[in-house]
Amino acid sequence: MRRLLCNCGILESTDKGFSWLEKGFLGIDGAFIDYIGATRPTAAYDEERDMSETLLIPGLVNAHTHTPMTLLRGVGSGLPLQNWLFDTVFPVEDRLTPEMIRVGSELALLEMLSTGTTSFTDMYMEPQETAEAVLSSGMKANLCRPVQCFDPSEPPEENFRVRQSVELYDRYNDAGDGRLKIDFCVHAEYTCTAPVVRYYAGLVRERGGNLHFHMSETKKEHDECVEKYGVTPARWFAGLGAFDARAFAAHCVWVTGEDMELMREHGVSAVHCPSSNMKLGSGFAPVREMLGRGLNVALGTDGAASNNNLNMLEELHLAFLIHNGVAGDPTALLPEDALRMATVNGARLQGRPDTGELRVGKRADIAALSLKAPHMRPCLDPLALVCSSAQGADVVMTMADGRILYDRGKFLTLDAAAIYERAERAVRALYG
């Protein structure tokens, strides 16, 4: 199908940054953008859609989350990470069934679609449940089954999580015409053993996959790794071969200058999760320094239990503000830096070079923001408006591969009422 979006503001990506069309036209042929311009194209389209008083931006990419944790939203609030995780989260997660994980994922998809996210990177158990939800929804996702090991004597080849991770890759990678990609995952240094990481990293390299892990999220985690092994978590992962894969690390709050240089040398991306890091009191990641060193830095919400939402526009707003405040410099993180982190940098991390930007030839992964609300008027600087003013509720359309998935409050691929009902039943069973 060929569709033309008319009379809309467009934040087009160029080699020099973002270019602003105040009232433009964006043409879509199937899954791809085939026209962007200030004048109506001469080519014919099957459907024309008036998008007056809207602003088109690239679909947002949530580069680190745990979608089924919508069912744990608010659990353990007010605790530091280690207590939050081991004393409150893990006990609830032990009671989760595959059906609960499925509906928790579906609830997350509703939340992300309604706030402009078109693709996300997820780390959770029973990921086949999330995979089926993604395939039904029309969204894009990179999923993984996290590998953990708490028994130092366990042979790596007998770790059932490693086996499940590889089986997931073999079953689902590139499903849904490539909308679904399967990554590999080590949960963290403090939840895994060196032999398992070394063995698993070899499997990842053999398959040419992405490797996802938490790293240096808290000072306690970082310092205890140095105390145990004599090296930082980054050096520990690198020494076990994990950085030799296409690796990306979530949080990176306490990475050192040497860690960042090691990441740069190996092409390891970082995922910044400002809401989660502030809620759990973990600190502020050195994002400006990472970007200055040439690292690819993406943006993620983390799970709904540590955020407590999956609203990437809020995450973008916070990322834009806090680093300027911490640095005492209003130019420490510019609006274009923040928007790239939330879009094309995340797409690059996912291994999706054909999206993350509004450009001719790129996939039509698009979010449309209404300009009608008082806080969105006037639109004098669209980049500043997106980074400082826009709210999740301003999203009026979310599209992936040229297919409209969310349209002015309506979910076109998911049964929201049925998902809410099943989610309520799951919550009663978990906490009843």
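Heads up: the structure comes first, above all this text.
Nothing here was measured: the structure is a model prediction, and the numbers come from that model.

Draft legend 1. Focus on the overall build of the protein chain. A count of helices and strands for the protein chain gives 15 helices and 18 strands. Relative to a compact globule of 432 residues, whose C-alpha radius of gyration would be 22 Å, the protein chain shows 21 Å and is just as compact. Looking at the protein chain residue by residue over its 432 residues, the buried ones come to 63%. Considering only residue pairs separated by 6 or more positions, the protein chain has 72% of its internal contacts joining residues 24 or more positions apart.

Draft legend 2. Broad picture of the pairing of strand β11 (residues 210-215). Burial within β11 is extensive, with 6 of its 6 residues counted as buried. In β11, alternate side chains face the same way, and those of N210, H212 and H214 on one face and L211, F213 and M215 on the other are all buried. Following the chain from strand β10 (residues 184-186) across helix α5 (residues 194-207) to the adjacent parallel β11, one finds a crossover that is right-handed. As defined by bridge partners, β11 adjoins strand β12 (residues 246-251) across 6 bridges and the pair is classed as parallel. Residue pairing for β12: F213 is matched across the bridge by A249.

Draft legend 3. Region of the structure containing the sheet that holds β11. The sheet built from 5 strands is open, its strands ordered β10-β11-β12-β13-β14 with parallel pairing. Whereas interior strands pair on both sides, the edge strands pair on one side only; in this sheet they are β10 and β14 (297-299). On average, adjacent strands in this sheet sit at an angle of 25° to one another, irrespective of strand direction. Bridge count between β12 and strand β13 (residues 269-272): 3 bridges; the pairing is parallel. Considered in β13, the bridge of A250 is made with V271. Its contacts with the sheet put α5 on β10 and β11, and the angle it makes with β10 is roughly 165°. With respect to the sheet, helix α11 (residues 312-327) is in contact with β13 and β14, its orientation differing from that of β14 by roughly 130°.

Draft legend 4. Broad picture of helix α3 (residues 127-137). By the burial criterion, the buried members of α3 are P127, E129, T130, A131, A133, V134 and S137. On its buried face, α3 is in contact with α2 (98-113), β7 (117-123), β8 (140-144), α4 (160-172), β9 (180-182) and β17 (403-407). In the segment just after α3, G138 is the residue with positive phi, at about 90°.

Draft legend 5. Structural view of the sheet that holds β9. Taking strand neighbours across the sheet as the criterion, the 4 strands line up as β6-β7-β8-β9 in an open arrangement whose pairing is parallel. Looking at strand neighbours, the two that pair on one side only are β6 (60-65) and β9, the edges of this open sheet. Here the strands of the sheet are splayed against their neighbours by 10° on average, with no regard to which way each runs. Sheet strands in contact with α3 are β7, β8 and β9, and its direction is about 170° off that of β8.

Draft legend 6. Seen up close, the layout of surface pockets. Space inside the largest pocket adds up to approximately 440 Å³. Every residue lining the largest pocket is counted, 26 residues in all, and those nearest its centre are L85, F90, E93, Q148 and H187. Tallying contributions element by element places helix α1 (residues 81-93) first for the lining of the largest pocket, with 6 residues. A breakdown of the residues in the lining of the largest pocket according to their chemical character gives 13 nonpolar, 7 polar and 6 charged. What the second largest pocket holds in volume is close to 240 Å³.

Draft legend 7. Seen up close, the nonpolar core. Counting 116 residues, the largest nonpolar core has L211, F213, M215 and F243 as the members making the most contacts within it. The element best represented in this core is α2, accounting for 9 residues. When sequence neighbours within four positions are dropped, the list of residues in contact with M215 reads E221, P233, A234, F237, F243, A249, A250, H251, C252, V253, V255 and M263. If you look at the next biggest cluster of nonpolar residues, it comprises 18 residues, including I10, L26, I28 and M399.

Draft legend 8. Up close: the packing of aromatic side chains. Going through the model one piece at a time under the given rule, you end up with 8 aromatic pairs. An angle of 80° between the planes, with centres 5.1 Å apart, marks the rings of F86 and F90 as edge-to-face. Placement of the pair is F86 and F90 together in helix α1, with a separation of 4 residues, close to one helical turn. Above the ring of Y45, the side-chain terminus of R2 is found at 4.2 Å from the ring centroid.

Draft legend 9. Representation of the side chain of D407 in the model. Secondary-structure assignment places D407 in strand β17. Contact partners of D407, with chain neighbours within four places excluded, come to R49, V396 and L412.

Draft legend 10. View of the pattern of salt bridges. For the structure shown, the criterion picks out 29 salt bridges. One salt bridge in this structure joins R425 and E421, with 3.4 Å as the shortest N-O distance. Note that R425 and E421 are positioned in helix α15 (residues 416-431) at a spacing of 4 residues, about one turn of the helix. Taken together, the shared-partner salt bridges in this structure form one network comprising K140, D354, R363, D365 and D401.

Draft legend 11. The arrangement of the state of the cysteines in detail. Per the stated rule, a full pass over the model turns up 0 disulfides. Summary of cysteine pairing: C379 is not part of a disulfide, and the nearest cysteine sulfur, belonging to C387, is at 12 Å. Residue class for C387 comes out buried when judged on its relative accessible area of 0%.

Draft legend 12. Representation of the packing of α3 against α4 in the model. Two numbers describe how α3 lies on α4: the axes approach to 11 Å, and their chain directions differ by 20°. Judged on the interaxial angle alone, α4 and α3 are roughly parallel. Remark: the crossing between α3 and α4 carries right-handed chirality. In this structure, α3 contributes P127, Q128, A131, E132 and L135 to the contact, and α4 contributes L168, R171 and Y172. Grouping the amino acids of the contact of α3 with α4 by side-chain chemistry returns 5 nonpolar, 1 polar and 2 charged.

Rules used in this analysis
Residues numbered from 1 in each chain as written. Predicted model: local features only at pLDDT ≥ 70, side-chain atom pairs only at ≥ 80, totals over all residues. Heavy atoms only, no water. Helix = DSSP H or I, 4+ residues; strand = E, 2+ residues; numbered from the N terminus. Rg over C-alpha atoms; globule rule 2.2 N^0.38 Å. Buried < 20%, exposed > 50% of the residue type's maximum accessible area, 1.4 Å probe, protein only. Contact = heavy atoms within 4.5 Å. Right-handed = clockwise from strand over helix to strand, strands pointing away. Pairing = 2+ DSSP bridges. Axes fitted to C-alpha atoms, helices over the stretch in contact; angles between N-to-C directions. 1 Å grid on protein atoms, 1.4 Å probe; cavity = no way out; pocket = protein on both sides within 12 Å on 5 of 7 lines; lining within 4 Å. Points joined across faces, edges and corners; volume = space filled by probe spheres on them. Nonpolar A, V, L, I, M, F, W, Y, C, P; charged D, E, K, R; others polar. Core = buried A, V, L, I, M, F, W, Y, C linked by side-chain atoms within 4.5 Å. Phe/Tyr/Trp six-rings, centres within 6.5 Å; stacked < 30°, edge-to-face > 60°. Lys NZ or Arg CZ within 6 Å of the ring centre and 35° of its normal. Salt bridge = Lys/Arg side-chain N within 4 Å of Asp/Glu carboxyl O. Disulfide = S-S within 2.5 Å. Parallel < 35°, antiparallel > 145°, perpendicular 65-115°, else oblique. Left-handed = near helix turned anticlockwise from the far one by under 90°.

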